[in-house]
Amino acid sequence: FFANSSNPRQRGEQLVVTQETIATDISSTPSETTVPSFSTQPSIAPSLQPSITQSSVPSIASSVEPSIAQSSAPSHSPVRELVGGGDLVSFEASTLSTEQQAIYDVTFTNLWSASRHPPLYPGSAHWSPPVCVAHSSNYQMWSPDTLSTPGVQSVAETGGTTTLFREFNDADSAIGGTVRGRVTFNRSQQSQSISEFIVDKDHPFISSITMIAPSPDWFTGFYDLEPVSASGTW
């Protein structure tokens, strides 16, 4: 879903890594390889691959990295095989301990264009404001083959994020840092950066979402990504 780079850092020092993501295939509105690139980088740069799901219905195309599913008793054990195939997430460990707060810059890059996807490319192609949230294992924004929450449904159908942020507030201590970008119209803007996305040891998971428009309620993003190395660093 995204392909870019951002910087995780502790206040007072800077750690930089690069991450790249490959877009998933969608049928008519985006056509072949489509979707943008989100890059969040704590010193562990995850290479993300998006998932495109339909609101209130099981996902139509989902590739998520690391794919970590959870039920009512959430389990966040990374699954190293992507639902839709493709490469696994690659990590580049930093020296910043997870005992310390990591601050990310998130870059969202559009890969859906008339030149890359000429068949039936819509003149009004755009993405709703991308949202990223850091959270604990007690919260899950979305996952394949589950019903969407009203907040996710609102994003998929209208691009609105008010209900989603209300759900963040209701989740209380399970939610850490949150950031929201701007609407991206492909004809005039190809990327945007969102600063000050905070991840900490109590909220080590990252999830994101943005609506693909026009579309029959499609969205893309990733869920329950845990950018932590085996040695306990971001």
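Refer to the structure printed above.
Predicted model, so just to flag it, every value in this text is computed and none were measured.

Student: Sorry, what's going on with the overall build of the chain here?
Tutor: Each helix and strand counted, the chain has two helices and 13 strands in total. The 234 residues of the chain split such that 56% are buried. Taking the intrachain contacts of the chain between residues at least 6 apart in sequence as the baseline, contacts between residues at least 24 apart amount to 72%. Accessible surface computed for the chain: about 9500 Å², of which carbon and sulfur atoms make up 48%.

Student: I'm lost on the pattern of salt bridges in this one. Help?
Tutor: Per the stated rule, a full pass over the model turns up one salt bridge. With a closest N to O distance of 3.2 Å, Glu-99 and Lys-201 form a salt bridge. Separated by 102 residues along the polypeptide, Glu-99 in the loop between strand E5 (61–62) and strand E6 (102–109) and Lys-201 in the loop between strand E11 (191–199) and strand E12 (205–213) bring together distant segments of the chain. On the basis of relative accessibility, which here comes to 57%, the residue Glu-99 falls in the exposed class. With relative accessibility at 47%, the residue Lys-201 sits in the partly exposed group.

Student: Looking at this structure, I do not really get the environment of Ser-195. What am I missing?
Tutor: By secondary structure assignment, the location of Ser-195 is in strand E11. If we ignore the near neighbours within four places in the chain, the residues touching Ser-195 are Tyr-104, Asp-105 and Val-179.

Student: What is the right way to read the side chain of Ser-207 from this model?
Tutor: Inspection of the secondary structure puts Ser-207 in strand E12. The buried category is assigned to Ser-207, whose relative accessible area is 0%. A polar atom in the side chain of Ser-207 sits 2.8 Å from the side chain of His-135.

Student: Hey, could you run me through the nonpolar core in this one?
Tutor: Counting residues in each nonpolar core, the largest one holds 18 residues, and the members touching the most others are Tyr-139, Met-141, Trp-142, Val-152, Leu-164, Phe-168 and Ile-209. Those elements giving two or more residues to this core turn out to be strand E8 (131–135), helix H1 (150–158), helix H2 (162–171), E12 and strand E13 (218–225). Of all hydrophobic cores here, the second largest spans 14 residues; its members include Leu-96, Ala-134, Val-179 and Trp-234.

Student: Just to check I follow, could you spell out unusual backbone geometry for this structure?
Tutor: In the segment running from Ala-213 into Pro-214, the intervening peptide bond is cis, with an omega of -5°. Looking at the element boundaries, Pro-214 is found in the loop between E12 and E13. The residue Leu-120 is not glycine, and still its phi comes out positive at about 55°. In this structure, Leu-120 sits in the loop between E6 and strand E7 (126–127).

Rules behind the numbers
- Residues numbered from 1 in each chain as written.
- Predicted model: local features only at pLDDT ≥ 70, side-chain atom pairs only at ≥ 80, totals over all residues.
- Heavy atoms only, no water.
- Helix = DSSP H or I, 4+ residues; strand = E, 2+ residues; numbered from the N terminus.
- Buried < 20%, exposed > 50% of the residue type's maximum accessible area, 1.4 Å probe, protein only.
- Contact = heavy atoms within 4.5 Å.
- Areas by Shrake-Rupley, 256 points an atom, 1.4 Å probe, with all protein chains shown as cover.
- Salt bridge = Lys/Arg side-chain N within 4 Å of Asp/Glu carboxyl O.
- Polar contact = N/O pair within 3.5 Å; in protein donor to acceptor, adjacent residues only side chain to side chain.
- Core = buried A, V, L, I, M, F, W, Y, C linked by side-chain atoms within 4.5 Å.

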